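# A closer look at the structure
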Amino acid sequence: MARRPLVSAVIICSLLIMLFGGAIALTAWLRGEELRGLKNFASQKIGVLPITGFISNVGPVLLTLERYRSDSSIKAILLRVDSPGGGVAACQEIYREIERINRQKPVLASMGAVAASGGYYVSAPCSHIMANRGTLTGSLGVIMGIPNLKKLMDKIGIEMQIIKSGALKDMGSSNRPLTPEERAMFQSVSDDIHLQFIEDVAKGRGMSVEEVKKLADGSIMSGRQAKKVGLVDSLGNFEDAVRNAARLCGIKGKPTLVWPKDSNKSWLTTLLESETRALVRVMKDELSASAGSQVPAYLYRPYPSQ
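Residues numbered from 1 in each chain as written. Predicted model: local features only at pLDDT ≥ 70, side-chain atom pairs only at ≥ 80, totals over all residues. Heavy atoms only, no water.

## Considerations on the overall build of the protein chain
Stated formally: Numbering of helices and strands runs from the N terminus, with a helix taken as a DSSP run of H or I at least four residues long and a strand as a DSSP run of E at least two residues long. Contacts: residue pairs with any heavy atoms within 4.5 Å of one another. Residue exposure ignores everything except the shown protein chains as possible cover, and the areas themselves are Shrake-Rupley values with a 1.4 Å probe.
Helix and strand content of the protein chain: 10 helices and 10 strands. Across the protein chain, every contact between residues at least 6 apart in sequence was considered, and the portion connecting residues at least 24 apart equals 76%. In the form shown here, the protein chain has an accessible surface area of approximately 17800 Å², with 60% of it arising from carbon and sulfur atoms.

If you want it as structure tokens, here you go:
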């Protein structure tokens, strides 16, 4: 009879040890699953980069692209392009950076209301371009604005006195018309930059230069028309583009969108600031041109240039 309490105690202790061990094992398993879940959730990110208004100051854009590139938790980058274009060199800098990043992780483009000229240029190297059916895009061309203010200056009595070394040093001066030699020089530069545009679009889209040349007359087209000729991959809005980006980079479920650091502002504030900056830049470019500093641009201009 004395052995029964001892046997019972041993059995109870064994059961308690088993329960305690099982609880520890279950807790460890659940914690591991939780950590794995948190890890998976943390890696389900898509970096969103808005490119809006006139493209000129590319510093913030390049910094954001680099931040997204170096962040291993960001699996894809989605450009939200709503721009009529911008400066040639500025657009080319963004194009080259996207081209490099695309070798490491996918960069996709979602076109808003307008993604024309330089707005299309920065989209061209993306692995997938999605536009709305009514997006204004295309406008594959180059424009240079050179004002002739001679009549106005004669009327108010202003005469420019130019001292130069080199026959073409003051070409494009606003106090007189272009000479045939100056016009030929500007046209030569414009044609070469236009060819660069065509070559980069062909490279980005996997098309031949001759195919792109047929589309590169400066005319605009709708998103639906652009899809028919191969400049756009698919049609859809921003949410469609997010889902497509998640699918292409293997994200299951709804991804977390990462925006540039100043994107905690309201959409209305961001829109107003963007449009104000774009207006100021365009005015600055116009003033620079009238002062004799002509800069070629990949820019869709729905108003007369002169």
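## Regarding the pairing of strand S1 (residues 45-52)
This is how it is decided: DSSP-based pairing: two strands are paired if at least 2 bridges between them are found.
Relative to strand S2 (residues 74-83), S1 runs parallel, the two sharing eight bridges. Residue pairing in the sheet places Ile-46 in a bridge with Ala-76 of S2. Direction of pairing for S1 relative to strand S9 (residues 256-258): parallel, over a ladder of three bridges. Paired with Lys-45 across the bridge in S9 is Thr-256.

## Structural notes on a nonpolar patch on the surface
In plain terms, the rule: Patches in this entry comprise residues that are over 30% relatively accessible and not in a salt bridge; like charges within 9 Å are linked, as are nonpolar side chains (Val, Leu, Ile, Met, Phe, Trp, Tyr) within 5 Å. Whenever a carboxyl oxygen of Asp or Glu lies within 4 Å of a side-chain nitrogen of Lys or Arg, that contact is scored as a salt bridge.
A cluster of nonpolar residues, Leu-152, Ile-156, Ile-158, Met-160 and Ile-162, forms a patch on the protein surface that exposes about 460 Å² of accessible area. Position of Ile-158 relative to the elements: it lies in the loop between helix H5 (150-156) and helix H6 (180-205).

## Here we look at the packing of helix H2 (residues 59-70) against helix H3 (residues 88-101)
For clarity, the threshold we go by: The angle between two axes is taken between their N-to-C directions and runs from 0 to 180 degrees, where each axis is a line fitted to C-alpha atoms and a helix contributes only its stretch in contact. Comment on the angle field: the value is read as roughly parallel under 35 degrees, roughly antiparallel over 145, roughly perpendicular from 65 to 115, and oblique elsewhere. When residue character is reported, Ala, Val, Leu, Ile, Met, Phe, Trp, Tyr, Cys and Pro are called nonpolar, Asp, Glu, Lys and Arg charged, and the others, Gly included, polar.
One way to put it is that H2 packs onto H3 with a least axis distance of 10 Å and a crossing angle of 5°. With respect to each other, H2 and H3 are oriented roughly parallel. Residues Val-61, Leu-62, Leu-65, Glu-66 and Arg-69 of H2 touch H3, and the partners they reach there are Glu-93, Ile-94, Glu-97, Ile-98 and Ile-101. Partitioning the contact of H2 with H3 into residue classes produces six nonpolar, no polar and four charged.

## Details of the packing of aromatic side chains
In this description, a pair of aromatic rings is defined by centroid distance and the angle of the planes. This is how the line gets drawn: Put simply, two rings from Phe, Tyr or Trp (the six-membered ring, in Trp's case) pair if the centres are within 6.5 Å, and we call them stacked under 30 degrees between planes, edge-to-face over 60, tilted for the rest. Partly exposed describes any residue whose relative accessible area lies between the buried limit of under 20% and the exposed limit of over 50%, with all areas from a 1.4 Å probe on protein chains only and scaled to the type maximum.
Tallied over the full model, the rule gives five aromatic pairs. Residues Phe-197 and Tyr-298 carry aromatic rings whose centres are separated by 4.4 Å and whose planes lie at 45° to one another, so their mutual orientation is tilted. With a gap of 101 residues between them, Phe-197 in helix H6 and Tyr-298 in strand S10 (residues 297-299) connect regions that are remote in the sequence. For Phe-197, a relative accessible area of 0% translates into the label buried. Taking relative accessible area as the criterion, Tyr-298 reaches 0% and is therefore assigned buried. Ring plane angle 40° and centroid distance 5.9 Å describe the contact between Phe-238 and Trp-259, whose orientation is recorded as tilted. Of this pair, Phe-238 sits in helix H9 (residues 238-248) while Trp-259 sits in the loop between S9 and helix H10 (267-290), placing them 21 residues apart in sequence. A residue is classified by how much of its surface remains accessible, and Phe-238, at 14% relative accessible area, is buried. One aromatic cluster in this structure is built from Tyr-95, Tyr-121, Phe-197 and Tyr-298.

## Thoughts on the packing of H3 against H6
Under the convention used in this document: The hand of a helix crossing depends on one turn: near helix anticlockwise from the far one by less than a right angle means left-handed, and clockwise means right-handed.
Running from N to C, H3 and H6 point in directions that differ by 20°, and their axes come no closer than 12 Å. With respect to H6, the axis of H3 lies roughly parallel. For the pair H3 and H6, the crossing hand works out as left-handed. The segment H3 lies against H6, with Val-88, Gln-92, Tyr-95, Arg-96 and Glu-99 engaging Ile-193, Gln-196, Asp-200, Lys-203 and Gly-204.

## With respect to the pattern of salt bridges
Tallying each qualifying case throughout the model produces 12 salt bridges. Put simply, Arg-96 and Asp-200 hold a salt bridge, and the shortest N to O gap is 3.1 Å. Separated by 104 residues along the polypeptide, Arg-96 in helix H3 and Asp-200 in helix H6 bring together distant segments of the chain. Since its relative accessible area comes to 7%, Asp-200 is described here as buried.

## Let's talk about the nonpolar core
Which entries qualify depends on this criterion: Among buried residues, those of type Ala, Val, Leu, Ile, Met, Phe, Trp, Tyr and Cys that are joined through side-chain atoms within 4.5 Å constitute a nonpolar core.
Ranked by internal contacts, the top residues of the largest apolar core, which has 45 residues, are Ile-51, Ile-55, Leu-79, Ile-94, Tyr-120 and Leu-231. Taken together, the elements giving at least two residues each to this core come down to S1, H2, S2, H3, strand S4 (107-116), helix H4 (118-121), strand S5 (128-131) and H6. If we ignore the near neighbours within four places in the chain, the residues touching Leu-79 are Leu-49, Ile-51, Ile-98, Val-107, Leu-108, Ala-109, Ser-110, Val-122 and Cys-126. Among the nonpolar cores identified, the runner-up in size contains 12 residues, and Ile-46, Leu-108, Ala-241 and Val-242 belong to it.

## Thoughts on the environment of Lys-254
Position of Lys-254 among the secondary structure elements: in the loop between H9 and S9. Classification of Lys-254 as exposed rests on a relative accessible area of 74%. Taking C-alpha positions, Lys-254 is 9.0 Å from Val-242, a pair spaced 12 residues apart along the chain.

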